[in-house]
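# Observations on the three-dimensional arrangement
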Amino acid sequence: MSQPALQPLPLGRSKFSALRSDNAVYVDKTEMLYNLCKTSSKVFLARPRRFGKSLLVSTFESLFKHGVRDFAGLAIEKLWSDTTYKVVSLDFSEIKDYESPKDFEEQFLTYIHGVFRDSVGYDGKADLIDLSLWLSKQPDNSIVLLIDEYDAPLTISIHQPEVFDKIQRTLNQFFSKIKANEGCLRFFFMTGITKYANTGIFSGFNNIDDISLSVNYGTILGYTEEELCRNFPSHLMQAAKTLESDVKEVIEQLRKHYDGFSFDRKGRTHVYCPWSVLKFLKAPADGYLNYWCQNAKPTALLQYLRLHPLDATIMNEEKRGLSLNDLDSSLTLPNLTLENLLLQTGYYTIKKELMPGYVEIGYPNQEVSISMAQLYADELLRNKNKIALGIPTIGAALEYQSLDEIVRLFNNMFNGIDYGDYSIINESMCRVLLQFLLHGAAMLPHVEVHSAHGRSDLEVDATTRRWVFEIKFARTEAEELKLLEEGKAQMTDRRYGETPMPTGMSLHRAVLVFSKDKRRFVQWATC
């Protein structure tokens, strides 16, 4: 007997009306939307990519343009009693192929003109002054304005301060015209990834409600575990069957890989990344893949990494403290930090509140921490042939090959690093770079692993082997053999790696001596 067809997944669907007409799974958050529309008239929401911002904008568009036409069976159907409105829905990510600030301004004005003309009958010129005059004549509370990815043009030019500043001025002029005529707006909703200062929106609008860190709206995007189980039971059962597992184990693995994002200032709620969950449910036979890294790379973060020295501490598993003032503030290019960008792009998240005004931040889950390391590995080996360097084969070598072969691959990988950009000046830097390279090979290394007897430098599990590496840094050739013997004695005396391991896994310990002058591992031994 054939299995009944599963309800379509909402994967890659950003148009709400099409999702509903296709009877795709929809996680009902419309009561939250109703409360937002009821209590706020101007709203900003920042979220990382692939969390459903565009679908949320489309949901508001359908609600205000057509009422509850597309909301049958959803919570808001019985709550909504408002009328319909003229709706203008803008997506600034569509303006990206510009050659200069002047070209951007022309494309921007043409785009704004076309959308206002088609949506609300604007019959003026492609000019902000003309648009402002037209808006001033519209009745109060008669228009709904929705803007998706407002910061996309800025992010593209984040590595060009002069271009960034000119584009920022163009956006500032647009928002100043909207502010001057905000009386005609029934509802204003805008999304982005990063909250940039000096765009004229956050300081210009009266009473704009930034819900990015709101306790009430922390789960407005993403799936809570309860929502995951309630809305996708058949898909979860199908995944369990495919993987010859059970639903409980599937959820545990989903939690480990894709959960942990917290967007409220108290750190009380957390959600799964919807994109990663849906990609898994579509093809569970592929396993719990790293969909975050497979998706388009975050432009702002990549540009930052290319313009700043490698921060060797970023992959430390220890969590960090941060002031909410720093997290909640609008950013300018001079005060843009790696931690700011990691939080804005979703690589870091709020783990918990430490005290009023301060939170603990860190990686939300395994998928994201691996993605961050792979970004770094890609930067370390930029424009290098990763196959020739042996990156894809390191996992198999750790599982099946001798230490000699493993060290050969390590040295190949280190040879691919541009030493002009990334000098290896001490043991710590050597260890961190090896950690990044292993992450780039989809391994999960751990640094400075504590035990009752000491702290090992780096540990990494293959399928049936656990490797524990003690790394030494030789500044002269005369030190090499001495450091090798010291490392062997240290590893034996402190019993590195002698912690409980899964059944069937064997322990392999090795000392690696890296030469500063030769820029490679020159001595190694098992112990």
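Quick note: structure is the one above.
Residue positions are given per chain, counted from 1 along the sequence in the order it is written. Per-residue local features are limited, in this predicted model, to residues with pLDDT of at least 70; the limit for side-chain atom pairs, both in listing and counting, is 80 or more; totals at the level of whole chains, interfaces and linings are taken over all residues. By convention in this description, side-chain values take in all heavy atoms of the structure and omit both hydrogens and water.

What follows concerns unusual backbone geometry. If a residue is not glycine, its phi is most likely negative; likewise, a peptide bond is most likely trans. Unlike most non-glycine residues, Asn23 shows phi in positive territory, near 60°. Each helix is a run of H or I in the DSSP string that is no shorter than four residues. Each strand is a run of E no shorter than two, and both are numbered from the N terminus. Topologically, Asn23 is positioned in the loop between helix H1 (16–21) and helix H2 (30–39). Here Arg519, not a glycine, exhibits a phi torsion of approximately 55°, which is positive. Mapped onto the elements, Arg519 comes out in the loop between strand E12 (506–515) and strand E13 (520–526).

Note: two strands are recorded as paired if DSSP finds a minimum of 2 bridges between them. Both strand E7 (residues 349–355) and strand E8 (residues 358–362) contribute to a ladder of 5 bridges, which runs antiparallel. Note that in E8 the partner of Met355 across the bridge is Tyr358. Where E7 folds back onto E8 in an antiparallel hairpin, the turn is made up of 2 residues, including Gly357, whose phi is positive at roughly 95°.

Right, let's get into the environment of Gln374. With respect to the helices, strands and loops of the structure, Gln374 is situated in helix H16 (residues 366–380). In what follows, residue pairs with any heavy atoms lying within 4.5 Å of each other are defined as contacts. Those residues in contact with Gln374 that lie beyond four places of it in its chain are Asn290, Cys293, His439, Gly440 and Ala442.

Note on definitions: salt bridges are taken to be side-chain nitrogens of Lys or Arg within 4 Å of carboxyl oxygens of Asp or Glu. On inspection of all chains with the given rule, the structure shows 18 salt bridges. Ionic pairing is found between Asp165 and Arg169, a salt bridge with its closest N-O pair at 2.7 Å. Of this pair, Asp165 and Arg169 are both found in helix H7 (residues 161–180), 4 residues apart, which corresponds to roughly one turn of the helix. The residue Arg230 makes a salt bridge to Glu226 at a minimum N-O spacing of 2.4 Å. Placement of the pair is Arg230 and Glu226 together in helix H8 (residues 225–231), with a separation of 4 residues, close to one helical turn. Here's how the labels work: a residue is buried when its accessible area is under 20% of the maximum for its type, exposed when over 50%, partly exposed in between, all with a 1.4 Å probe on protein chains only. Using a relative accessible area of 45% as the deciding quantity, one classes Arg230 as partly exposed. The exposure class assigned to Glu226 is partly exposed, which follows from its relative accessible area of 49%.

What follows concerns the nonpolar core. To form a nonpolar core, buried Ala, Val, Leu, Ile, Met, Phe, Trp, Tyr and Cys residues must be joined to one another through side-chain atoms within 4.5 Å. Counting 129 residues, the largest nonpolar core has Leu90, Phe92, Phe116, Phe174, Phe414 and Phe469 as the members making the most contacts within it. Leave out the neighbours within four places in its chain, and Phe469 touches Leu398, Leu403, Ile406, Phe410, Asp457, Leu458, Val460, Met491, Ala510 and Leu512. With 31 residues, the next largest nonpolar core counts Leu45, Leu55, Leu63 and Phe189 among its residues.

A word on the packing of aromatic side chains. Any two rings among Phe, Tyr and Trp, with Trp reduced to its six-membered ring, count as a pair given centres within 6.5 Å; such a pair is stacked if its planes are under 30 degrees apart, edge-to-face if over 60, and tilted if neither. The full count for this structure, using the stated rule, is 33 aromatic pairs. Here the aromatic rings of Phe64 and Phe187 are separated by 5.1 Å at their centres, their planes lie at 25°, and the arrangement is stacked. Linking Phe64 in helix H3 (residues 53–66) with Phe187 in strand E4 (residues 185–192), this pair joins segments that are 123 residues apart in sequence. For Phe64, a relative accessible area of 0% translates into the label buried. Between Phe92 and Phe174 the ring centres are 6.1 Å apart and the planes differ by 70°, which places this aromatic pair in the edge-to-face class. Here Phe92, found in the loop between strand E2 (86–91) and helix H4 (101–120), pairs with Phe174, found in helix H7; they are 82 residues apart in sequence, far enough to count as distant. Its relative accessible area of 0% is what places Phe174 among the buried residues. A connected cluster of aromatic rings, assembled from ring pairs, spans Tyr34, Phe60, Phe64, Trp80, Tyr85, Phe187 and Phe189. The criterion is that NZ of a Lys, or CZ of an Arg, lies within 6 Å of the ring centre and within 35 degrees of the ring normal, and then a charge sits over that ring. Positioned over the ring face of Trp292 is Arg49, at 4.8 Å from the centre of the ring. If you follow Arg50 out to its NZ or CZ, it ends over the ring of Trp275, 3.7 Å from the centre.

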